[in-house]
Structure formats: structure tokens, C-alpha cells
Amino acid sequence: MKYVVLIYSNPAAWASLPAGEADRVIKVHNDLIDELTGSGEFLNIYRLAGAGTARTVALHDGVPAVTDGPFGESKEVLASLWEIDVDGVERAVEIAGVLTPHATVEVRPLMDAAGMEM
Amino acid sequence: MSGATQVEELLRELAPQVTGTLVRRYGQFDLCEDAVQEALLAASVQWPETGIPERPRGWLVTVASRRLTDQVRGESARRRREETVAARSPADELVTPGPEADLPAANDDALTLLFLCCHPALSPPSQVALTLRAVGGLTTAQVARAFLVPEATMAQRISRAKQRIKAAGARFAMPPPAERAERLRVVLQVLYLIFNEGYAASSGPDLQRADLTSEAIRLARELHRLLPGDGEVAGLLALMLLTDARRPARTRPDGSLVPLAEQDRSRWDAGAVAEGVALVTGTLARAPLGPYQLQAAIAAVHDEAARAEDTDWRQILVLYELLERVAPSPVVTLNHAVAVAMVRGPRAGLELLATLDGDDRLAGHHRLDAVRAHLLELAGDREAARERYRAAARATTSLPEQRYLESRAARLGP
């Protein structure tokens, strides 16, 4: 079952972490990528550039209008996106759990082009 | 048949035999399996050009043995693969006499290999991947394409699976008699998993993946040839044939799913239906009952009805009652409830369905809502049916199923 793992974090909080702590968290992420690669569960990672480089596009009076920065008011922004292939939601949640220091993580199944008639 | 196709079919047939021969001679399943892959790759490049050697099996055994020696000497696998593609030695030059003497053991080897690839220490996806490569003779790239994952990921899964087998201390030998039934159950499960993966995909754009049905049928057919007296092996093969027979009618040209009751039955594969029916009829008469035989029998009753309204639901109901006894599961109960509804009315079906409420194994599963919607629709409760169809559509992770469930909801009004 394929899932995306969406990792949200607060850039301001991240920037104020003590240096050792940031390195520790990065190592946790990299170790997890190695582990999932080894087990054949890791498919892909997209590391997103800083939220300040985002452009949000939405209709205003029927015309697409562009604003700088990410969508929404939240202080937490999407930081990276992983694609994994695991046995089920329990395993996806277990993986997300490892990533939670200084982040909020959402796991979501990807839709499948296959299906069974009923 | 083109030369390349002929070569590929021959190689896939020989793959498990060659692996078996090597492992019996040298041990080290993991290394032997790699060496055979390389020999297969070399053959698939050379044979279409030079012709199939007189003794293809011997050729593969010899080339794979050399690869194995190279490997033991520590050459890098990457370099060997490059050389494999570049190599252009005349096919028969490489052959040393003798390997055909291994032939009588070939059948046992293929079976032993299948048991090893479906070792219980492996996760189902690893069992599937390793079986397709080592027994099915598919390349890692083909297996990766079939499961829509990067080749590197699939390579990792296969090599991890082989390490696990090694760590579990498994040997290249048939499981002891006391374990054989349980081990065979796992093998059948793996083949059925491969079949379903392909069957589900035949509604979508992933044709590589849809080929898995024919591969699963091929492997089940081979297993049935090796174990002709086993009722469940025959049952699984029959179930695959009877299900796959409906494939031409199960989708519309736009890819949307057609439910069984609305399929154009003239498009079903009559040959596959006849073969499946004969298999399941024969095995039910002599082998002890098992879940695959019962599911095949149910599929046979469906397939034998000329029109949906001719379906012998009473017989199907009896078969589901047996299945509930032999192999109870919430999914069986779901289907059983449909049969109850068709014989005793939708309210009776809904009552049986209610027994599944609160069953954790089905929590959040869209099929419970989809079946409930269907039975509510039969009962004439359009509003409740629409709600359940919508709930099922929200919960499914399959695009064609979602589209089908939404269309059913839309048919029932705003």
C-alpha cells in the first residue's frame, strides 16, 4: 500500500533549535531513510525549498491572484514529502512517529488505478 | 511466435529448474539465484540472435555456474552485468556435457524452490517478489514495473528477502511432512495475491501489472501439474480461471467497472469457464473440502448462469455456509450476506451484515458500506443506500471503485 508522508514544521521554531538538536533530528531522518531503503519500503522523497519561496495562487474576483508565501495562516508549513510502500496504515503511522520531533506528520494513502468490480 | 517471445517463454520455464540444480550442487541459494538471473539475461540477449542451443538447460546451468564462480571470486555484480550484455560467444561453445542428467530432479527442484520463496519468515510482498523472480523467471525490472515501484526498491526487497531466508536457516529441501500443509497454504496465498494484483489492475492503465494474472495462472498450472492430487491447488487454479474468464466483460471501454450482474456474459471466455468448471467439479468429488475449492465452486455457479437472473443463489448460499464453517472471515460474511439477501430477501441479508458492526477487522473498510448500500437499495431504502454508497466512495483508495460507487449514489437521486 502506497502512502505519502507529509511533514509539517515551524521554520521559526526550527531556526531557534540548538545546533546539536537540529543535527540530531536530521540524523534521525537520514537513518530512517536508510532503514526504509534497506527494507524496500522507501520510494521517493521531495525536500521542499523554504516556505518563503512559495507562491500561493487563488482566484480573486474571477482572476488568479498570486501572493508570496505558503497557503494558510498556520505557522507550520509543509517541509518535505515522502512516498513509501508499506504493509498498511499501522506501519505508516509507526514511520510517521519517528519523524514527530519538531514536526507534525500526516500520512495519506495514494489512490490506486486498479479496482475490483462488485 | 517471434523468436524473442519464444526465448522468453522457454527461459521462464527453465528458470526454476536451473536455480534448483545450482542450489543442490553448490548450496547458497542467494548467490545461485543471482547467478541464474545473470545467465537468463545473457540468454535473452544471445539466443534470439544465435538461436536456441541444443540443450538450453545445460547451457544455462553452465553459464550460471561460471557466474557463481566469478561471484565467489568477488567480482562486482555491476561489472558482470555489463560483460553479460557485451558477451557474444557462440551458444553451444559454453556447454559442458552432463547437466541433463539432473532432469528427473527438475520437478522436485521447482517445487522446493517455490516453498523456499514463500518462506513464512518473509512478508507477503517479499514472498511475491522473490517468487516472481526466482520461480517465474521475471527480471527485477519487470517485477518492479508490475508493482509500480522503482527498480532499486524492488532489488532491495529481493535481496533482503534472500538474506531473511538465509538468516532463518532455511535449506533447499522440501518442508518436513508435518509442516507441508501449512507451507502449501502460504504458497497458494502468494499465488492468489499475484493473481489479484493483476486482476484488479486490468481495469486500469497498468498493463504490465495486468500481466500478473497470466503469470499467476501459469504458476498455479505448474503447481497443479506437480501436485495433481491436491484439491486446494486444483481449487485455486479453477478459481483463477473462472475469475479471469470474466475479464473481457468487467470493464467498459472507458475503464469503468461493470458489476457482475450487468456484465455481457457473451464476452466471458467460454474455454476458461469450461476448464475451471471441469477442474472444480473433479476435485470436489475426490479431495477434502477447502476454501479455494469452495470459492471456485461459487465462481462456477455464477459463470454457468446464462443470465444474471438465472443464477442459482440457493446453491451459492449453501456454498457460503460451508465456507463460513471451513474458513470464516469477515470478508466471507460480507459475500454470504449478499447470497442471503438474494435467497431470503434484503432485510435478512442486512441482519447478517449487522453482525459485522464493531468488527475491528473491517473498521473503516469501504466494502462493508458498499455491500450495505447494495442491500439497502434492494430493500428500496434509496436515501440510506445513497448515504452508504457515498461513505464507501469516500473510504476507498481505488479510483475505479470510487467512480463506480459515486455513480451508484448518483443514480439514487440528488
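Look above for the structure.
All of the points below concern the structure found in this document. (Residues numbered from 1 in each chain as written. Chains lettered and ligands numbered in written order. Predicted model: local features only at pLDDT ≥ 70, side-chain atom pairs only at ≥ 80, totals over all residues.)

## A short note on the overall build of chain A
Under the convention used in this document: For the purposes of this entry, the term helix denotes a DSSP run of H or I that reaches at least four residues, the term strand denotes a run of E that reaches at least two, and both are numbered from the N terminus. Radius of gyration: over C-alpha atoms. The globule rule applied is 2.2 Å multiplied by the number of residues raised to the 0.38 power. Neighbour density around each residue's C-beta defines its exposure: 20 or more other C-beta atoms within 10 Å make it buried, 12 or fewer make it exposed, and counts between make it partly exposed, where C-beta atoms are placed from the backbone. Contact between two residues is assigned whenever their backbone-derived C-beta positions fall within 7 Å.
Along the backbone of chain A there are 3 helices and 6 strands. Moving toward the C terminus, one meets the helices and strands of chain A in the order β-α-α-β-β-β-β-α-β. Computed over C-alpha atoms, the radius of gyration of chain A comes to 17 Å, more than 25% over the 13 Å expected from 2.2 N^0.38 for 118 residues, which places it beyond the range of a compact globule. Summarising its shape, the C-alpha atoms of chain A cover approximately 50 × 45 × 20 Å along the three principal directions. Looking at chain A residue by residue over its 118 residues, the buried ones come to 18%. Long-range pairs, those at least 24 residues apart, make up 75% of the contacts in chain A with a sequence separation of at least 6.

## Some remarks on the interface of chain A and chain B
Accessible area lost upon the coming together of the parts is a frequently used measure of interface size. In this complex, chain A contributes 17 residues to the contact, which on the side of chain B involves 24 residues. Looking at the side of chain A that touches chain B, the elements with two or more residues in it are α2 (19-38) and β2 (42-47) of chain A.

## Regarding the environment of Ala348(B)
Residues and elements named next belong to chain B. Following the sequence through the fold, Ala348 ends up in helix α17 (residues 346-354). Since 15 C-beta atoms lie within 10 Å of it, Ala348 is described here as partly exposed. Taking the C-alpha atoms as reference, Ala348 lies 56 Å from Val18; in sequence the two are 330 residues apart. Setting aside its immediate chain neighbours within four residues, Ala348 contacts Val340 and Ala341.

## Regarding the packing of helix α11 (residues 212-226) of chain B against helix α12 (residues 231-244) of chain B
Residues and elements named next belong to chain B. Rules: To obtain an axis, a line is fitted to C-alpha atoms, over the contacting stretch when the element is a helix, and the angle between two such axes runs from 0 to 180 degrees between their N-to-C directions. We call two directions roughly parallel when the angle between them is under 35 degrees, roughly antiparallel when it is over 145, roughly perpendicular when it lies between 65 and 115, and oblique otherwise. Rotating anticlockwise by less than a right angle from the far helix to the near helix defines a left-handed crossing, while the corresponding clockwise rotation defines a right-handed one. Nonpolar residues are Ala, Val, Leu, Ile, Met, Phe, Trp, Tyr, Cys and Pro. Charged residues are Asp, Glu, Lys and Arg, and all others, Gly as well, are polar.
Look at α11 against α12: their axes get within 9 Å of each other, and the N-to-C directions meet at 150°. Here α11 is positioned roughly antiparallel relative to α12, judged by the angle of their axes. Seen from above, α11 lies across α12 with left-handed handedness. Packed against α11, whose contacting residues are Thr213, Ala216, Ile217, Ala220, Arg221, Leu223 and His224, the element α12 presents Val233, Ala234, Leu236, Leu237, Met240, Leu241 and Asp244 at the interface. For the contact of α11 with α12, the residue count by class is 10 nonpolar, 2 polar and 2 charged.

## Some points on the sheet that holds strand β1 (residues 2-9) of chain A
All names here are of chain A. Keep this limit in mind: In short, DSSP must find at least two bridges between two strands for them to pair.
Strand order across the open sheet formed by 4 strands is β2-β5-β1-β6, with antiparallel pairing between neighbours. Each edge of the sheet is formed by a strand with only one pairing partner; in this case those strands are β2 and β6 (104-109). Each adjacent strand pair in this sheet contributes to an overall mean axis angle of 20°, direction not counted. Sheet analysis places β2 next to strand β5 (residues 77-85), joined by 5 bridges and oriented antiparallel. Note on β5: the bridge partner recorded for Phe42 is Ile84.

## Describing α11(B)
Test applied: How far a helix is expected to stretch is found by multiplying one less than its residue total by 1.5 Å.
Across its 15 residues, α11(B) extends 21 Å between first and last C-alpha, which sits within 8% of the 21 Å expected from 1.5 Å per residue. Along α11(B), the residues classified as buried are Leu212(B), Thr213(B), Glu215(B), Ala216(B), Ile217(B), Leu219(B), Ala220(B), Glu222(B) and Leu223(B).

## Topic: the pairing of strand β4 (residues 63-68) of chain A
Taken residue by residue, a regular strand's side chains alternate between the two faces of the sheet. All names here are of chain A. Counting buried positions over the 6 residues of β4 gives 0, only a small fraction of the element. Pairing analysis gives 6 bridges linking strand β3 (residues 55-60) to β4, with the strands arranged antiparallel. In the strand pairing of β4, Thr56 is matched with Thr67. Remark: 2 residues form the turn of the hairpin made by β3 and β4, two consecutive strands paired antiparallel; Asp61 in that turn has positive phi of roughly 55°.

## Examining helix α1 (residues 3-26) of chain B
Residues and elements named next belong to chain B. To be explicit about the condition: Bend is computed residue by residue as the angle between axes fitted to the seven residues ending at the residue and the seven residues starting at it.
Compared with an ideal rise of 1.5 Å per residue, which puts 24 residues at 34 Å, α1 spans 32 Å between its outermost C-alpha atoms and is within 8% of the ideal. The axis of α1 is deflected most strongly, by about 40°, at Leu14, and proline Pro16 appears within four residues downstream. For α1, the set of buried residues is Val7, Leu11, Leu14, Ala15, Pro16, Gln17, Val18, Thr19, Gly20, Thr21, Leu22 and Val23. Just downstream of α1 lies Gly27, where phi reads positive at about 70°.

## A short note on the nonpolar core
Put simply, the test is: Nonpolar cores are identified as sets of buried Ala, Val, Leu, Ile, Met, Phe, Trp, Tyr and Cys residues joined via C-beta atoms within 7 Å.
Residues Ile84(A), Ala39(B), Ala64(B), Leu114(B) and Leu191(B) are the most contacted members of the largest nonpolar core, which totals 126 residues. Residues in contact with Ala39(B), not counting those within four places in the same chain, are Val18(B), Leu60(B), Val63(B), Ala64(B) and Arg67(B).

## Details of unusual backbone geometry
The phi dihedral of His102(A) falls on the positive side, at around 65°, and the residue is not glycine. Among the secondary structure elements, His102(A) is positioned in the loop between α3 (89-98) and β6. For His102(A), a count of 15 C-beta atoms within 10 Å corresponds to the partly exposed category. Within the chain, Gln28(B) stands out as a residue other than glycine whose phi angle is a positive 55°. On the secondary structure map, Gln28(B) appears in the loop between α1 and α2 (29-50).

## Some details on the packing of α1(B) against helix α3 (residues 56-73) of chain B
Residues and elements named next belong to chain B. At a minimum axis separation of 9 Å, α1 and α3 run at an interaxial angle of 50°. Considering the angle they form, α1 stands oblique to α3. When you trace α1 past α3, the crossing you get is right-handed. Of α3, the residues touching α1 (which contributes Leu10, Leu14, Gln17, Val18, Thr21, Leu22 and Tyr26) are Pro56, Arg57, Leu60, Val61, Ala64, Ser65 and Leu68. Split into classes, the residues belonging to the contact of α1 with α3 amount to 10 nonpolar, 3 polar and 1 charged.

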